Every structure is written in C-alpha cells, then in structure tokens.
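A closer look at the structure
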Amino acid sequence: MEDWELAVRLGVQDTIGRYVRFADGGRSEALAALFAVDGVLATDTDELRGRVAIAEYLEGVRGDLATSAVGGGRIRHHVSSLRLVVDHREEAQATSYFLAMTGSGLDPWG
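These numbers were taken from a predicted model, which means no experiment stands behind them.

Digging into helix H1 (residues 3-24)
Helix length check: H1 (22 residues) gives 32 Å between terminal C-alpha atoms against 32 Å at 1.5 Å per residue, within 8%. Among the residues of H1, those classed as buried are Glu5, Val8, Val12, Val20, Phe22 and Asp24. Packed against the buried residues of H1 are helix H2 (28-32), strand S3 (75-88) and strand S4 (91-102). Taken from the residues just after H1, Gly26 is the one with a positive phi, measuring 70°.

Points about the environment of Tyr57
When you line up the elements, Tyr57 lands in helix H3 (residues 51-66). The sequence separation of Tyr57 and Met101 amounts to 44 residues, and the corresponding C-alpha distance is 20 Å. Those residues in contact with Tyr57 that sit more than four places away from it in its chain are Leu41, Thr43, Asp46 and Leu48.

Looking at the nonpolar core
Phe22, Leu31, Ala32, Phe35, Leu41, Leu48, Ile54, Ala55 and Leu58 together form the largest nonpolar core, which totals nine residues. Elements with a minimum of two residues in this core: H2 and H3. In contact with Leu48, other than residues within four places in its own chain, are Gly39, Val40, Leu41, Ala53, Ile54 and Tyr57.

Comments concerning the pattern of salt bridges
Summed over the entire model, instances satisfying the criterion amount to three salt bridges. Between Asp14 and Arg18 there is a salt bridge, with its nearest N and O atoms 2.9 Å apart. Remark: Arg18 and Asp14 occur in helix H1; sequence separation between them is four residues, near one turn of the helix. For Asp14, a relative accessible area of 40% gives the class partly exposed.

Structural notes on the sheet that holds S4
Strand order in the open sheet formed by three strands is S3-S4-S5, with antiparallel pairing between adjacent strands. The sheet terminates laterally at S3 and strand S5 (105-109), the two strands that pair on one side only. Each strand axis lies, on average, 20° off the axis of its neighbour in the sheet, ignoring direction. Two strands pair when backbone bridges link them, and S3 and S4 are joined in this way by eleven bridges, in the antiparallel orientation. By the bridge assignment, Ser80 is partnered in S4 with Tyr97. The strands touched by H1 within the sheet are S3 and S4, with S3 carrying the most contacts at an inclination of about 160°.

Cut-offs applied
- Residues numbered from 1 in each chain as written.
- Predicted model: local features only at pLDDT ≥ 70, side-chain atom pairs only at ≥ 80, totals over all residues.
- Heavy atoms only, no water.
- Helix = DSSP H or I, 4+ residues; strand = E, 2+ residues; numbered from the N terminus.
- Expected span 1.5 Å × (residues − 1).
- Buried < 20%, exposed > 50% of the residue type's maximum accessible area, 1.4 Å probe, protein only.
- Contact = heavy atoms within 4.5 Å.
- Core = buried A, V, L, I, M, F, W, Y, C linked by side-chain atoms within 4.5 Å.
- Salt bridge = Lys/Arg side-chain N within 4 Å of Asp/Glu carboxyl O.
- Pairing = 2+ DSSP bridges.
- Axes fitted to C-alpha atoms, helices over the stretch in contact; angles between N-to-C directions.

And the structure:
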C-alpha cells in the first residue's frame, strides 16, 4: 500500500469517527461541515441537500431526542465492519454497519 492510500484510508476513518462523536454530542453544525457544500444526507424518510439544510435537520432531531421521554435525551452511535475501497487519491467508498442506542435501548441500525 502506498502512502497516499494509507492517508486516504485514515482520513475516511477519521471522518466517520468525527461524524459519530458530533452526532452523539449534538454538534449539528460541526457534523454538517463534514459534508461537501452540496452534500446530501439521506434517511429512510428525508433527503437534505447542503450543509445548512443538514444542520437544520439535525438540530430538529436533537430537539426531538432531548424532549423524548423514551429516548432519555441521549444517543450513542456504534460503527463496525468498516470496508473501504480506495479507487484513487480523490475517490473512496466506505460501507459499514451501525447501531444507535438511546436511553430506552436500540434505536436505528443498519
């Protein structure tokens, strides 16, 4: 493996790590900043385009969680089985499994 590929792999892993820490810490703007300016966050029911829309959506989710008696006001994401395919210096694909735990137990997973 060449140095540039190792740097790409570590960069992707770092981005995923920051994503879950920002999500768990309710840092919506920092999480949205991980996306490209015109990036897309897609969920089962919503599709948000651009950092501003993503941050606003995440703030709403954070507010819903904070007021939820069932969720207990907190969430912790867990990521595993990360697989990276590095096509070249400017492009990589990552897949993983994830699950999220709230105060009431297992929440989303995939």
